[in-house]
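What follows is each chain in one-letter form.
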Amino acid sequence: EESALRAPEVWEACQDVVRHSVGLVASVAQLVRLVVGPAVLAGSRRLSRQPWPWIAAEVGAAVVVFVASRVRRWLRRSPTIKALVRKYRSLRGAYERKVAALRRSYANLLANVAHKSRLLAFFLPHVIFVAVVLTLRRLFPRSSRTLWSSPQLCAAILVVRLFGADAAAAAVESSSKSSSK
């Protein structure tokens with residue numbers, strides 16, 4: 001009974017909304033005709049005055065951006081890609097754990113050697129480097145000959161390696177000093 005009383009009010013409100021919606025649509029259409037239309041015409045005139053290679057480059061860039069966005073979307077939604085990413089992350093984690101274990105064992109080796117002989121601990125990284133270089137030279141003679149024939153590359157590798165070895169030796173020396181106190 002109460003809804004029957006409200007039915008005329010609801011009907012009048014709906015008619016009011018429709019009347020105002022028609023006016024809104026007419027206003028938007030007039031705005032498009034007055035503003036957007038001339039802007040599109042002016043843009044198309046400017047575009048038509050550009051050289052053909054520039055137009056082709058702009059269209060090509062737009063196509064590349066569109067295709068890249070679609071590929072990105074596909075990559076994010078693809079279950080196969082998600083599985084590959086999970087596998088890559090697990091493999092990367094395993095690799096990082098192995099590298100960390102190798103670094104710890106190398107640091108322990110240096111610490112143990114430093115405990116016995118500081119001079120040997122200082123030269124051990126250099127000896128290991130020379131042993132690796134000689135082994136690689138023996139295993140891959142052509143590649144190593146090409147690598148070591150470039151004086152700039154050779155100097156860069158040696159400088160980086162020596163700074164790394166000196167830093168390791170300094171770390172061992174500081175740890176041996178702190179453990180002796």
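Just so we're clear, the structure is a prediction, and the values are computed from it rather than from any experiment.

Rules behind the numbers
Residues numbered from 1 in each chain as written. Predicted model: local features only at pLDDT ≥ 70, side-chain atom pairs only at ≥ 80, totals over all residues. Heavy atoms only, no water. Helix = DSSP H or I, 4+ residues; strand = E, 2+ residues; numbered from the N terminus. Buried < 20%, exposed > 50% of the residue type's maximum accessible area, 1.4 Å probe, protein only. Contact = heavy atoms within 4.5 Å. Areas by Shrake-Rupley, 256 points an atom, 1.4 Å probe, with all protein chains shown as cover. Patch = residues over 30% accessible without salt bridge, like charges linked within 9 Å, V, L, I, M, F, W, Y side chains within 5 Å. Salt bridge = Lys/Arg side-chain N within 4 Å of Asp/Glu carboxyl O. Lys, Arg positive; Asp, Glu negative; His and termini not counted. Charge placed at Lys NZ, Arg CZ, Asp CG, Glu CD. Axes fitted to C-alpha atoms, helices over the stretch in contact; angles between N-to-C directions. Expected span 1.5 Å × (residues − 1). Bend = angle between axes of the 7 residues up to and from the residue. pLDDT = per-residue confidence, 0-100. Parallel < 35°, antiparallel > 145°, perpendicular 65-115°, else oblique. Nonpolar A, V, L, I, M, F, W, Y, C, P; charged D, E, K, R; others polar. Core = buried A, V, L, I, M, F, W, Y, C linked by side-chain atoms within 4.5 Å.

**Some details on the overall build of the chain**
The number of helices and strands found in the chain is six helices and zero strands. For the chain, the sequential pattern of α-helices and β-strands runs α-α-α-α-α-α. Of all 181 residues assigned to the chain, the portion counted as buried reaches 10%. Partitioning the contacts of the chain with sequence separation of at least 6, the portion at a separation of at least 24 is 42%. Of the roughly 15300 Å² that the chain leaves accessible, carbon and sulfur atoms contribute 68%.

**With respect to a positive patch on the surface**
On the surface, Arg70, Arg73, Arg77, Lys82 and Arg86 cluster together into a positively charged patch. Listed by contribution, the elements that provide at least two residues to the positive patch are α2 (52-77) and α3 (79-116). Element by element, the count of residues in the positive patch is highest for α2, at three residues. With respect to the secondary-structure elements, Arg73 resides in helix α2.

**Quick word on the packing of α3 against helix α4 (residues 118-139)**
Orientation of α3 relative to α4, taken along the N-to-C sense of each, is 145°, at an axis distance of 6 Å. Across the interface between the two elements, Tyr106, Leu109, Leu110, Val113, Ala114 and Lys116 of α3 pack against Arg118, Leu120, Ala121, Leu124, Pro125 and Ile128 of α4.

**Focus on α4**
Given a rise of 1.5 Å per residue, 22 residues ought to cover 32 Å, and the 32 Å separating the end C-alpha atoms of α4 matches this to within 8%. Along its length, α4 shows its largest kink, about 40°, at Leu124, and proline Pro125 lies within four residues downstream of that point.

**Overview of the confidence of the model for the chain**
Residues of the chain with pLDDT of at least 70 account for 90%, and the chain-wide mean is 83. When mean pLDDT is compared element by element in the chain, α2 scores highest at 92, while helix α6 (residues 151-180) scores lowest at 71.

**Quick notes on the packing of α4 against helix α5 (residues 141-148)**
For the pair α4 and α5, interaxial distance at closest approach is 5 Å and the crossing angle is 125°. As summarised for this structure, α4 and α5 are arranged oblique, according to the angle between their axes. Taking contact as the criterion, the partners of Val133, Leu136, Arg137, Arg138 and Leu139 in α4 are, on α5, Pro141, Ser144 and Trp148. Taken together, the residues of the contact of α4 with α5 break down into five nonpolar, one polar and two charged.

**Section: a nonpolar patch on the surface**
Among the surface-exposed residues, Leu24, Val28, Leu31, Val32, Leu34, Val35, Val36 and Val40 lie close enough to one another that they form a single nonpolar patch of about 710 Å² accessible area. Along the polypeptide, Leu24 turns up in helix α1 (residues 2-49).

**Details of the nonpolar core**
Side chains that are nonpolar tend, in soluble globular proteins, to be buried together. Ranked by size, the top nonpolar core spans five residues in total: Leu110, Val113, Ala114, Ala121 and Leu124. For this core, the secondary-structure elements that each account for two or more residues are α3 and α4. Here this core gets three residues from one element, more than from any other, and that element is α3.

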